[in-house]
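# Architecture at a glance
The chain contents come next:
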Amino acid sequence: MGVKGLQYFMESCCPEACLPVDLLQMAATHAKAHHQTTATVVVDGMACLRYWYRCQAWVHGGQWQEYMHFLEEFVGAFTRAGLRLVFFFDGTVEEQKRAEWVKRRLRVNKDIARMFQYIKNHCQQPDRDMFCLPSGLATFSRFALKSLGQEVWCSVREGDYEIAQFALSNNCMAILGNDTDFVIYDTVPYLSIAKLKLESMTTVQFSREKLCNILKLQKSDLPLFACILGNDIVPEHHLQHVRKNALSSYGKKHQGDKVHAVAKLINSLHPNGDGIHGISALPLSKADKEAVEKGIQSYLLPGQMSPWLDSNLQPPEPVCVMKKYINADILQEKHMRAECFISYNVLYDGVVECSNTLEDEEDVELSPQAILYQPIREHIYGVLLSALPDHDHDLSVKEWFVFSGNPLKEPNKVAPKALNIPRTPDLMTLWFGKNSELKSVRVFTFLAVFDLQDFSQDIIHFETPLVTVICLVAYIAVQAKHISLEDIDAYLSQAVCIRYKSYTELQQTKGLLEFARHLAGAALIVYV
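I will try to describe carefully the structure that is included in this document. Starting from 1, residues in each chain are numbered consecutively following that chain's sequence as written. The predicted nature of this model means local features are confined to residues of pLDDT at least 70 and side-chain atom pairs, given and counted, to a pLDDT of 80 or more, with totals for whole chains, interfaces and linings taken over all residues. Where side-chain values are given, they derive from all heavy atoms of the structure, hydrogens and water being excluded.

### Topic: the overall build of the protein chain
- For the purposes of this entry, the term helix denotes a DSSP run of H or I that reaches at least four residues, the term strand denotes a run of E that reaches at least two, and both are numbered from the N terminus. Looking only at helices and strands, the protein chain has 24 helices and 10 strands in total.
- Residues counted as buried form 46% of the 528 residues belonging to the protein chain.
- Should any heavy atoms of two residues lie within 4.5 Å, those residues are counted as being in contact. For the protein chain, contacts bridging at least 24 residues in sequence account for 67% of all contacts bridging at least 6.
- If you sum the accessible surface of the protein chain, you get close to 27,000 Å²; carbon and sulfur atoms cover 54% of it. Burial here depends on accessible area, computed with a 1.4 Å probe over protein chains only, as a share of the maximum for the residue type. Under 20% is buried, over 50% is exposed, and the range in between is partly exposed. All accessibility values rest on the Shrake-Rupley procedure with a 1.4 Å probe; residue burial counts only the protein chains present in the view.

What follows is the structure, given as structure tokens:
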């Protein structure tokens, strides 16, 4: 993620651009300068998942109480330091970054395949160097943080852009993340999550100002600098010939020469007084030139200009394709505040995506989750798109779902399916209706998504969290024919028993943990 090679260059070749930071001192200085009592740190949630998820038995994908404990520790450390946190998560994938997204997803698929091969060969969990994030962790983390009283936002465009914009426009103290794009944006200081030490509240700032001084660049040069090195919009191989020519002219043979050579090239191309912009002097095809201009533009926050562009247009606002039928402002607000999932993506542009899941590509008995749960999604789309007039029901949702055998060359088109009930309630009514009878309507509609509406009188007596588990397990039992009664018992017993135990209680229950490890080992042996 970010600018190719820049992280390594700053840490290895110009450590003077990596500044040790005491967050308490930084907060005091910031509050004094901005006349604020509480300094705010904007957190790139997607970049923090690996830092947060330190659970030992990660390959099993559970340990929710343990994960919540680590989140509480994280939030508590900043709260005690008098710092306010605002979390951002990616809410969409922009089409201009789709190719890079696909490339990463296919690469992670290979990592997951190696992990399963290790399990088969050794009958145990791999070491941390083969760690893969549990499925759905980013989605669940949003709601986990909200349950801890934190402010959480989902992006409606490129997440890094929204983080940089929010931090700058709200006089925030810093951005905490793991993406060198934050060095390129002209925004607040960028702090490293990887270097964060909660016990001392210290980390490292990657300083764009120091970087510019070392490379003799202006901050307005950094977007072009990022594009030539390679980023998510301008793939590294596109401008390889430009970097090669720059290196030939630079002449030196030292570590970090590529970065220095690109900086020197930019200095030699600065726009001159007659209005001829230096970017035109680069040996670029029309397509590459357009990509570079788009890449530069992607870093410009509202009100910012670039000397490298003839025109400085801001990224277009997302357009809701369903605005004739729904209140687009309400939908966007609910999405941005992490109050719904998938709804915005379906109703705005009809495109949804699902990242990698921990699935064995060689297991032919169990369908990939993307296939297993497709009937549920069809029903969800049916509810979301129920506002469409009858003649528009040929609309389909484009799904970019990662699973074995899907090359991700194009999205799968999935048509919405009406629920098997007399009448599907209007979406706005389900969300905002005040009628006393609507609670039962909401429950009935939810059950109908799983085709369990005939059991509403039996299921409604359980607590809401258990209703969700019962619906999911019942659906899996019907769809995945080889699931045994013992599997169902295991799912339900975890839902009933573990949820009432705290993290501390689970850690102290050594007998239960040892028994669980024994079962896990036995299961792995049987599996292999």
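After that view of the structure, there is still more to cover.
### With respect to the packing of aromatic side chains
- For Phe, Tyr and Trp, rings pair up if their centres lie within 6.5 Å, where Trp contributes its six-membered ring, and each pair is then called stacked (planes under 30 degrees apart), edge-to-face (over 60) or tilted (otherwise). What the rule picks out here adds up to 24 aromatic pairs.
- With centroids separated by 5.8 Å and ring planes inclined at 50°, the aromatic side chains of Phe182 and Tyr190 adopt a geometry described as tilted. Accessibility classification places Phe182 together with Tyr190 in one group, the buried group.
- A ring is scored as having a charge over it whenever the NZ atom of a lysine or the CZ atom of an arginine sits within 6 Å of its centre and within 35 degrees of its normal. Between Arg98 and the ring centre of Trp101, over which it is positioned, the NZ or CZ distance is 5.2 Å.
- Just above the ring of Phe131 sits the side chain of Arg128; from NZ or CZ to the centre is 3.9 Å.

### Concerning the environment of Thr40
- Within the secondary structure layout, Thr40 lies in strand 2 (residues 39-44).
- Along the sequence, Thr40 and Ala174 sit 134 residues apart, while their C-alpha atoms lie 7.1 Å from each other.
- Apart from the residues within four sequence positions on either side, Thr40 is in contact with Arg84, Val86, Cys172, Met173 and Ala174.
- Between N or O atoms, a polar contact is any pair within 3.5 Å; within protein, one atom must be a potential hydrogen donor and the other a potential acceptor, and residues adjacent in sequence are included only when both atoms are from side chains. A polar contact of 2.9 Å, which involves the side chain of Thr40, links it to the side chain of Arg84.

### Overview of the pairing of strand 9 (residues 397-401)
- Counting buried residues in strand 9 gives 4 out of 5 residues, a clear majority hidden from the surface.
- Here strand 8 (residues 351-354) runs beside strand 9; their pairing, made up of 4 bridges, is parallel. Looking at strand 9, one finds that Val352 is bridged to Glu399.
- Here 3 bridges tie strand 9 to strand 10 (residues 412-414), and the two strands are oriented antiparallel to one another. Paired strands, as defined in this entry, are two strands with at least two bridges between them according to DSSP.

### Brief notes about the nonpolar core
- Residues grouped as a nonpolar core are buried Ala, Val, Leu, Ile, Met, Phe, Trp, Tyr and Cys residues, joined through side-chain atoms within 4.5 Å. In this structure, Leu6, Met10, Leu211, Phe225 and Ile228 are the most contacted members of the largest nonpolar core, which totals 80 residues.
- Of all the elements, helix 10 (residues 222-229) adds the most residues to this core, at 7 residues.
- Domain segmentation is taken from an automatic or database assignment of domains. No fewer than three residues from each of domain 1 (6-92 + 124-211) and domain 2 (216-298) sit in this core.
- Aside from chain neighbours lying at most four places away, what touches Leu211 is Leu6, Phe9, Met10, Cys14, Ala17, Val183 and Leu222.
- Counting residues in hydrophobic clusters, the runner-up holds 50 residues, among them Met26, Ala39, Trp52 and Ala338.

### Quick look at the sheet that holds strand 7 (residues 202-206)
- Pairing is mixed across the open sheet formed by 7 strands, whose spatial order is 1-7-6-5-2-3-4. The sheet is open, and its two edges are formed by strand 1 (18-22) and strand 4 (151-154), each paired on a single side. On average, adjacent strands in this sheet sit at an angle of 35° to one another, irrespective of strand direction.
- Both strand 2 and strand 5 (residues 174-177) contribute to a ladder of 3 bridges, which runs parallel. The residue of strand 5 that forms the bridge with Val41 is Ala174.
- For every element, the axis is a line fit to its C-alpha atoms; helices are fit only across the contacting stretch, and the angle between N-to-C directions ranges from 0 to 180 degrees. Where helix 7 (residues 159-169) meets the sheet, it contacts strand 2, strand 3 (83-89), strand 4 and strand 5, and its direction lies at approximately 175° from that of strand 2.

### Focus: unusual backbone geometry
- Phi at Lys216 takes a positive value of approximately 60°, unusual for a residue other than glycine.
- As for its position among the elements, Lys216 is in the loop between helix 9 (208-215) and helix 10.
- The residue Asp451 is not glycine, and still its phi comes out positive at about 60°.
- Within the secondary structure, Asp451 is located in the loop between helix 19 (438-449) and helix 20 (456-459).
- On the basis of relative accessible area, Asp451 is assigned to the partly exposed category, the value being 44%.

### Quick word on the pattern of salt bridges
- One side-chain nitrogen of Lys or Arg within 4 Å of one carboxyl oxygen of Asp or Glu is enough to make a salt bridge. Summed over all chains, the structure comprises 20 salt bridges.
- Across the pair Asp186 and Lys219 runs a salt bridge whose closest N-O atoms are separated by 3.4 Å. Taken as a pair, Asp186 in the loop between helix 8 (181-184) and strand 6 (190-192) and Lys219 in the loop between helix 9 and helix 10 lie far apart in primary sequence, 33 residues in all.

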